[in-house]
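Take a look at the letters that make up each chain.
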Amino acid sequence: VHAGTGSSFGALFRVTTFGESHGGGVGCVIDGCPPRIPLSEADMQVELDRRRPGQSRITTPRKETDTCRIVSGISEGMTTGTSIAVLVPNTDQRGHDYREMSLAYRPSHADATYDFKYGVRSVQGGGRSSARETIGRVAAGAVAKKLLKMKSGTEVVAYVSQVHKVVLPDGVVDNDIVTLDQVESNIVRCPDPEYAEKMIDAIDCVRVRGDSVGGVVTCILRNVPRGLGSPVFDKLEAELAKAMMSLPATKGFEIGSGFSGTFMTGSEHNDEFYMDEHGRIRTRTNRSGGIQGGISNGETITMRIAFKPTSTIAKKQNTVTRDKHETELLARGRHDPCVVPRAVPMVEAMAALVVVDQLMLHYAQCELLPINPDLQEPLSVGLLA
């Protein structure tokens, strides 16, 4: 049991994030990373650039380069097996934008609940509730992605599948072949150009009115080794759900058929087994979403994460002050009219952190001694064709 204050995640590959939106900087400490892995700041910067603010008109106008610096755990370009510390300075803070929020609570934000819990809070930028906290997650996720690719060929790809009422229909995107380049081909990160334009228009429509909208991010994991996850409390989908629901603004999680599976019968929903041309047990359908009994079955893991509309909007709203008087609030500051385009790399990072941690746990328990070759596969071979 890890007792603490909620800033650490993972068992063997463990990440602790630190810092606040308007403090000196943010970052993370990664414990448990294997030694002798080639790693540089450039590996992390690629992912941080996808997450950073000010990318386009549909994201927050805050200007941050989010340039990372690795301050420990690397020697001559290789991981040493000791703690990896990563720091990203804040350079564009505007604390005066939060003067009104120091007096009154933003509706649906964490302002009130932080006061309820701690009796004090960091007003500027929302403190630890700010999405800048996720910089540490994305930096650590870059390391996790690299480990997964090296060890098992696992790929993590996420994309925007819904913005407000614009929903990408099932089957428009082929999850078996969709690429990062397709996702990154437009500012909303939807791999279908036609629906990407509709989503951008939907965000622009509310942005000019000072309002916000939510949406859905779809995440897929290909070439996930079989056997990851544990029965009962530590099921793989439970770990993924916790990871995704720990991200700011998340309100829902589905895996495989999700809630739509409730409209099916067992005979319609079951994924029947068959033997493929390589002599491997496969499923003809994937309504389970790549996980059965809490354990990965080798098929593609598919999940969807719902994000609410951004809480801080440029519209007058009714609220209450810290000294318990009803009032009206017109919030200032720089905020995303829709969080989902920048949430894509955050979702990928959390998915990678879960799977690499489960990979290490599985290896420690189930591959310490020789495997049963009749039923098990080595982690680094036997990838799906």
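Throughout what follows, the structure given in this document is the object of discussion. (Residues numbered from 1 in each chain as written. Predicted model: local features only at pLDDT ≥ 70, side-chain atom pairs only at ≥ 80, totals over all residues. Heavy atoms only, no water.)

## Here's the deal with the packing of helix α1 (residues 41–51) against helix α3 (residues 134–152)
Interhelical geometry of α1 versus α3 gives an angle of 135° and a closest axis separation of 8 Å. Here α1 is positioned oblique relative to α3, judged by the angle of their axes. The handedness of the crossing between α1 and α3 is right-handed. Between α1, through D43, M44, E47, L48, R50 and R51, and α3, the contact on the second element is made entirely by T134, I135, V138, A139, A142, V143, K145 and K146. Counted by class, the contact of α1 with α3 contains 7 nonpolar, 1 polar and 6 charged residues. (Axes fitted to C-alpha atoms, helices over the stretch in contact; angles between N-to-C directions. Helix = DSSP H or I, 4+ residues; strand = E, 2+ residues; numbered from the N terminus. Parallel < 35°, antiparallel > 145°, perpendicular 65-115°, else oblique. Left-handed = near helix turned anticlockwise from the far one by under 90°. Contact = heavy atoms within 4.5 Å. Nonpolar A, V, L, I, M, F, W, Y, C, P; charged D, E, K, R; others polar.)

## Focus on the pairing of strand β3 (residues 25–31)
Of all the 7 residues making up β3, 5 are buried; the element is thus mostly covered by neighbouring parts of the structure. The pairing of strand β2 (residues 14–19) with β3 spans 6 bridges and is classified as antiparallel. Bridging from a neighbouring strand, V15 pairs with I30 of β3. Counting the residues between successive antiparallel strands, the hairpin from β2 to β3 contains 5 residues. (Buried < 20%, exposed > 50% of the residue type's maximum accessible area, 1.4 Å probe, protein only. Pairing = 2+ DSSP bridges.)

## Examining the sheet that holds strand β7 (residues 84–89)
Adjacent strands of a sheet form backbone hydrogen bonds with each other and so pair up, either parallel or antiparallel. If you walk across this open sheet you meet the 5 strands as β1-β2-β3-β7-β4, and the pairing is antiparallel. Each having just a single partner strand, β1 (8–9) and β4 (69–72) make up the two edges of the open sheet. Pairing between β4 and β7: 3 bridges, direction antiparallel. Within β7, the position partnered with R69 by the bridge is L87. Sheet strands touched by α3: β2, β3 and β7. Its angle to β3, the strand with the most contacts, is close to 35°.

## Observations concerning the environment of A349
Mapped onto the secondary structure, A349 falls in helix α8 (residues 340–366). Distance from A349 to G141, taken between C-alpha atoms, is 4.0 Å for residues 208 residues apart in sequence. Here A349 is in contact with R137, V138 and G141, once residues within four sequence places are set aside.

## As for unusual backbone geometry
Unusually for a residue other than glycine, N223 sits at a positive phi of about 60°. When you line up the elements, N223 lands in the loop between β10 (215–222) and α6 (236–245). Of note, the phi angle at K324 is positive, near 70°, even though the residue is not glycine. When you line up the elements, K324 lands in the loop between β17 (317–320) and β18 (326–329). In this structure K324 comes out as exposed when scored by relative accessible area, which is 72%.

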